[in-house]
Amino acid sequence: MKKLGFIGGGNMAEALARGLITRKIFKPADVIVSDVVPARRRKLARSLKVETTADNLVVLRDSAALLIAVKPQNIDDVLGEMAAAMRPPEVTRNGGRKSSRAKSTPAPRPLKPADRLFISIAAGITIERMTSALGAGARVIRVMPNAPAMVGQGMAALVRAPGASRADEAFALRIFGAVGDAVALADEHLLDAVTALSGSGPAYVYLFVKALADAGVSEGLTPELATRMALQTLRGAEENMRRSTLSAADLIRIVASPGGTTEAALSTFAETRFSAIVAAAVHAAAERSRALGRS
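These lines cover the structure that appears in this document, whether it is placed above or below. (Residues numbered from 1 in each chain as written. Predicted model: local features only at pLDDT ≥ 70, side-chain atom pairs only at ≥ 80, totals over all residues. Heavy atoms only, no water.)

### Remarks on the layout of surface pockets
Here is step 1: For the largest pocket, the calculated volume is near 2800 Å³.
Here is step 2: Around the largest pocket, the lining is made up of 48 residues, and of these Val205, Phe208, Leu234, Ala237 and Glu238 lie nearest the centre.
Here is step 3: Contributing elements (two or more residues each) for the lining of the largest pocket: strand 7 (154–160), strand 8 (180–184), helix 7 (190–199), helix 8 (201–218), helix 9 (223–243), helix 10 (248–255), helix 11 (261–271) and helix 12 (274–294).
Here is step 4: Of the residues forming the lining of the largest pocket, the biggest block, 11 residues, is contributed by helix 8.
Here is step 5: Its residues placed into classes, the lining of the largest pocket shows 33 nonpolar, 11 polar and 4 charged.
Here is step 6: Estimated volume of the second largest pocket: approximately 710 Å³.
Here is step 7: Contributing to the lining of the second largest pocket are 28 residues, with Gly8, Gly10, Ala69, Val70 and Lys71 lying nearest its centre.
Here is step 8: A total of 3 residues in the lining of the second largest pocket trace back to one element, the largest contributor, which is helix 1 (residues 11–22).
Here is step 9: Among the residues forming the lining of the second largest pocket, the class breakdown is 17 nonpolar, 9 polar and 2 charged. (1 Å grid on protein atoms, 1.4 Å probe; cavity = no way out; pocket = protein on both sides within 12 Å on 5 of 7 lines; lining within 4 Å. Points joined across faces, edges and corners; volume = space filled by probe spheres on them. Helix = DSSP H or I, 4+ residues; strand = E, 2+ residues; numbered from the N terminus. Nonpolar A, V, L, I, M, F, W, Y, C, P; charged D, E, K, R; others polar.)

### Section: the side chain of Ser289
Here is step 1: Note on placement: Ser289 falls in helix 12.
Here is step 2: Discounting residues that sit within four places of it in the chain, Ser289 has contacts with Asp192 and Thr195. (Contact = heavy atoms within 4.5 Å.)

### Considerations on the pattern of salt bridges
Here is step 1: Counted by the stated rule, this structure contains 14 salt bridges.
Here is step 2: Across the pair Asp168 and Arg139 runs a salt bridge, and its minimum N-O distance is 2.7 Å. Note that Asp168 is positioned in helix 6 (residues 166–177) and Arg139 in strand 6 (residues 139–144), a separation of 29 residues in sequence. Across this residue pair, the class does not change: Asp168 and Arg139 are buried.
Here is step 3: The salt bridge involving Glu287 is made with Arg290; its shortest N-O contact spans 2.5 Å. Of this pair, Glu287 and Arg290 both sit in helix 12, 3 residues apart, which is roughly one turn of the helix.
Here is step 4: Since its relative accessible area comes to 30%, Arg290 is described here as partly exposed.
Here is step 5: Here the residues in one salt-bridge network are Glu14, Arg18, Arg40 and Lys43, joined through shared partners. (Salt bridge = Lys/Arg side-chain N within 4 Å of Asp/Glu carboxyl O. Buried < 20%, exposed > 50% of the residue type's maximum accessible area, 1.4 Å probe, protein only.)

### Notes on the nonpolar core
Here is step 1: Judged by nonpolar contacts, the single largest core of 33 residues is most densely connected at Leu4, Phe6, Leu67, Ile119, Ile175 and Phe176.
Here is step 2: Not counting chain neighbours up to four residues away, the residues in contact with Ile175 comprise Leu4, Leu16, Leu20, Leu67 and Ile119. (Core = buried A, V, L, I, M, F, W, Y, C linked by side-chain atoms within 4.5 Å.)

### Looking at the packing of aromatic side chains
Here is step 1: Within this structure, the stated rule accounts for 3 aromatic pairs.
Here is step 2: When the ring of Phe269 is compared with that of Phe274, the centres are 4.9 Å apart and the planes differ by 45 degrees; the resulting orientation is tilted.
Here is step 3: Under the relative-accessibility criterion, Phe269 is labelled partly exposed at 35%.
Here is step 4: Clustering of aromatic rings is evident, with ring pairs tying together Phe208, Phe269 and Phe274. (Phe/Tyr/Trp six-rings, centres within 6.5 Å; stacked < 30°, edge-to-face > 60°.)

### Examining the packing of helix 7 against helix 8
Here is step 1: As a packed pair, helix 7 and helix 8 sit with axes 5 Å apart at the nearest point and diverge in direction by 30 degrees. It follows that helix 7 is roughly parallel to helix 8 by the angle criterion. Across the interface between the two elements, Ala196, Leu197, Ser198 and Gly199 of helix 7 pack against Gly201, Pro202 and Tyr204 of helix 8.
Here is step 2: By residue class, the composition of the contact of helix 7 with helix 8 is 4 nonpolar, 3 polar and no charged. (Axes fitted to C-alpha atoms, helices over the stretch in contact; angles between N-to-C directions. Parallel < 35°, antiparallel > 145°, perpendicular 65-115°, else oblique.)

### Notes on unusual backbone geometry
Glycine aside, residues mostly have negative phi angles, and peptide bonds mostly take the trans form.
Here is step 1: If you check the backbone angles, Lys49 has positive phi at about 65 degrees while not being a glycine.
Here is step 2: Tracing the chain through its elements places Lys49 in the loop between helix 2 (38–48) and strand 3 (51–53).
Here is step 3: In this structure, Arg273 is a non-glycine residue whose phi angle is positive, near 60 degrees.
Here is step 4: Positionally, Arg273 belongs in the loop between helix 11 and helix 12.
Here is step 5: Looking at Arg273, the relative accessible area reads 55%, which means it is exposed.

Here you go:
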């Protein structure tokens, strides 16, 4: 029995599997990945030394936990396929079970939804939708990761369904902790805020770095140097903020000497309502996440 099976072998699945294997949380032999694209299966088998298959039901049969990493538009088909495989055999009129097996061969006990842990990273797919598709008692955990997981610096938040245990939750936290940081939440509705902050957040950071570098170019720096300086400034400020016990406001005051250059810049940010723009953008992302969850 494999410890973890991936349904879908895209970039996020590869990053998670690589993090788990690199950190020696799992061995390659503990992992199996299904994907419809032969080239992806070959790449994963070659680079990670994991077992691969084109059959999702092989992953269902052979894995204690399944991480569903398919596109949201494909998840209903995947859930339906697995639910059908876990459906009890039909009973004939005389009370026997329909089977093509010889009478001397006992049929294996069919899988139940509670026999496997199902972890989903499909955006906007609610726990209720997952459990309704898989069946009563399904052990489901919904996760919102973000793109920096692909470089080992991700931020993920997860919520477990009533059928999932604290041990299931701890298992999922280990998986996503292998590629960054991960937290467990009690309220699924908070995943909309998570999506808006850390899920979409990398794009906001890229936008700010681009704007900062573009401003440097307008002041005479080359694009290469401006981007280099913006990125290192961001990295240094992030590390300083992470290590410091001071609040963000206190750190700003330390840099912003009265009457100095930083104060002039911060005054312009305030005049253009920078914080309000950020808040409005995050709110728009959260509202869109809520709308997608209802669709």
